[in-house]
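What follows is the residue order along each chain.
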Amino acid sequence: MKRFKSLDYIKNSYNARISQIAKERKTGKKIVGTFCLFVPDEIIFAAGADRIILCGGKNETVSIAEQYLPRNVCPLVKSSFGSIVNNGCSGVKSCSHFGMVDMVVAENTCDSKKKMYELLGDYVPTYVIDLPQRPDSPEALKYFLGELYKFKGAMEQLTGNKVTIEQLKKEIESSNETRKLFHKLYGLRKMDPPPISGVDVLKVLQKQYFLSTDELKKSLRMLICEVEQVEVEWAHKPRIMISGCPMAGGNTKVPEIIESKGGVIVAEESCTGTRSFWDLVDEDKDPMLALAERYIKIPCSCMSPNDRRIDNILELAREFKVDGVVYYTLQFCHGYNIERYKVQQALKKAGIPMLAIETDYGDSDLEQIGLRVDAFMEMLA
Ligand code: SF4
Ligand code: SF4
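Per chain, the residues get numbers from 1 upward, laid out in the order the sequence is written. Starting at A for chains and at 1 for ligands, labels are handed out in the order in which the entities are written. Residue-level local features of this predicted model are given only where pLDDT is at least 70; pairs of side-chain atoms are given and counted only at 80 or more, and the full residue set underlies all totals for whole chains, interfaces and linings.

Re the sheet that holds strand β5 (residues 239–244)
Inference 1: Pairing is parallel in the open sheet, where four strands are placed in the order β6-β5-β7-β8. Two strands close off the open sheet at either side, each with one partner strand: β6 (264–269) and β8 (354–359). The mean inter-strand angle of the sheet, taken between neighbouring strand axes irrespective of direction, is 25°.
Inference 2: Here strand β7 (residues 324–330) runs beside β8; their pairing, made up of six bridges, is parallel. Along β8, the bridge assignment pairs L330 with T359.
Inference 3: Along the sheet, helix α10 (residues 253–260) makes contact with β5, β6, β7 and β8, crossing β6 at roughly 150°.
Inference 4: Throughout, a pair of residues is in contact if the C-beta atoms placed from their backbones lie within 7 Å. Under this scheme, a helix contributes an axis fitted over its contacting stretch, all axes are lines through C-alpha atoms, and angles between N-to-C directions fall in the 0 to 180 degree range. Only DSSP runs of H or I with at least four residues qualify as helices, and only runs of E with at least two residues qualify as strands; both kinds are numbered from the N terminus onward. Its contacts with the sheet place helix α12 (residues 307–319) against β5, β6 and β7, and it is angled at close to 155° to β6. The rule for pairing is simple: two strands pair if DSSP sees at least two bridges between them.

Section: the sheet that holds strand β1 (residues 31–34)
Strand pairs in the sheet, formed through backbone hydrogen bonds, run parallel or antiparallel to each other.
Inference 1: Within the open sheet, the four strands sit side by side as β2-β1-β3-β4. Their pairing is parallel. Here the strands that pair on one side only, and so sit at the sheet edges, are β2 (50–53) and β4 (126–129). Going from strand to strand, the sheet's axes swing by 30° on average, the running direction of each strand aside.
Inference 2: With three bridges joining them, β1 and strand β3 (residues 103–107) adopt parallel strand pairing. Its bridge partner lying in β3, V32 is registered against M103.

Digging into the site of ligand 1
Inference 1: Nearness is defined per residue: the C-beta atom, placed using the backbone, must lie within 6 Å of the molecule or strand. The immediate surroundings of ligand 1 are formed by C36, L37, F38, T109, C110, P246, C271, I298, C300 and C302.
Inference 2: Ten residues, namely Ala, Val, Leu, Ile, Met, Phe, Trp, Tyr, Cys and Pro, are considered nonpolar, four, namely Asp, Glu, Lys and Arg, are considered charged, and the remaining ones, Gly among them, are considered polar. Classifying every residue of the shell around ligand 1 gives nine nonpolar, one polar and no charged.
Inference 3: Looking at the shell around ligand 1, you find at least three residues from each of domain 1 (5–166) and domain 2 (167–380). Residue ranges assigned to each domain were obtained from an automatic or database domain assignment.

Thoughts on helix α1 (residues 5–26)
Inference 1: In a regular helix each residue adds 1.5 Å, so 22 residues correspond to 32 Å; α1 covers 32 Å between its end C-alpha atoms and thus fits that length.
Inference 2: Here the bend at each residue means the angle between axes fitted to two seven-residue stretches, the one ending at that residue and the one beginning there. Of all the bends found along α1, the most pronounced is centred on R17 and spans about 35°.
Inference 3: Once α1 ends, the next one or two residues include G28, with phi positive near 100°. Working rule for helices: expected span equals 1.5 Å times residues minus one.

Considering α12
Inference 1: Between the first and last C-alpha of α12 there are 18 Å, a value that for 13 residues agrees with the 18 Å anticipated at 1.5 Å per step.
Inference 2: Every C-beta atom is placed from the backbone, and the number of other C-beta atoms within 10 Å of a residue's own sets its class: buried at 20 or more, exposed at 12 or fewer, partly exposed in between. The set of residues buried in α12 consists of R309, I313, L316 and A317. With its buried residues spanning 100° around the axis, α12 presents them on a single face. Among the exposed residues of α12, those pointing more than 90 degrees away from its buried face are D311 and R318.
Inference 3: Directly beyond the C-terminal end of α12, a positive phi value near 45° is found at K321. The arc in question is the one spanned by the directions pointing from the helix axis to the C-beta atoms.

Quick look at the site of ligand 2
Inference 1: Near ligand 2 the following residues occur: C74, L76, V77, C110, S112, K113, C245, P246, L330, C333, G335 and Y336.
Inference 2: Mapped onto the shell around ligand 2, the elements with two or more residues apiece are α4 (75–86), α5 (111–120) and α13 (334–350).

Notes on the nonpolar core
Inference 1: Membership of the largest hydrophobic core comes to 108 residues, with the highest contact counts inside it found for I240, M241 and V326.
Inference 2: Counting only domains with at least three residues in this core, you end up with domain 1 (5–166) and domain 2 (167–380).
Inference 3: Every residue in contact with M241, bar those within four places of it in the chain, is listed here: V266, A267, E269, L316, A317, F320, V322 and V325. To form a nonpolar core, buried Ala, Val, Leu, Ile, Met, Phe, Trp, Tyr and Cys residues must be joined through C-beta atoms within 7 Å.

Things to note about the domain arrangement of the chain
Inference 1: We note that the domain assignment places domain 1 (5–166) and domain 2 (167–380) within the chain.
Inference 2: Between domain 1 and domain 2, the contact holds 45 residues from the first and 51 residues from the second.
Inference 3: Element by element, the count of residues in the side of domain 1 that touches domain 2 is highest for α1, at nine residues.
Inference 4: Considered class by class, the residues forming the side of domain 1 that touches domain 2 number 27 nonpolar, eleven polar and seven charged.

Below, the structure written as structure tokens:
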């Protein structure tokens, strides 16, 4: 596959972001750390704060977290917490971002995260948005809207700035613009074969919540422009959709295996994928209500029932002409692991083969996963 110059640009922007944030802090700007898609960026930005994501995708800090947390907690939570408690003091390369954060904005999602957030309060001021977990009822929307108003108040208190309707509308427009750029990039992946690999797209997705919005948009425009110019010779490779847990920055393990075994990833039904941009915020409604309506619909496995996730998987599989789905879960992520059954049933009914892979951030199962992916690719071919 072609090497895209814009990916180097994104990497450089990512590296430069730390000093950009350090400068912002000197001017008094507040920095908010987040771990989840349910936290609306628009409110953070409208309050004049900046935001970085703190989700851990590296294996190095998992063992540090295990001194505090049980081993049977998902690696994303352990890696994140390990980075935070380590904070560069033990020789393991760790999260240089955490020390720059004035407040963590957390959310009540899965049990592991909820409990980790309780411990986080000892290290940094932590604000928790309470999510209703039966999202389809009108009461849930009302409750979530109330939570978003409280969150807006917390951001106003943190920054000393009032969040105005005009500012919110501006931020919604800006975030929708980014979402539309991702749609455009994904649209190009519908080609057969797609002109960009899944691993390349994933690296951009992983950085989206770390780059500034302006840099992200600029990078996406550059990338789209480059991808549009690629001329690919036809050679059919099995078109794979990954569905399941997020793949936080540093974790490209399974996508790399899939693409090294002859498949090509054309979509990710994941928080490092379509869940992050698929739905836009309605720009014609009251901005707070529009945000509540958009964010409560995120089809995360912490929601029950979560049938809209199944509908979305089937829709994506059709749109991206997927040959097979790799259902990707992290060890001890009970929500996504349990939902596997329903997803498998739905895909079976639709005639789409699925391979389930449950793994961690380590490399002890690389060979075994490789063999299973090999056999899956052979079957699809
Ligand atoms: S999987 Fe759920 S809890 Fe995790 S980042 Fe996505 S929305 Fe948040
Ligand atoms: S991967 Fe699963 S267990 Fe881990 S933080 Fe996300 S939802 Fe929670």
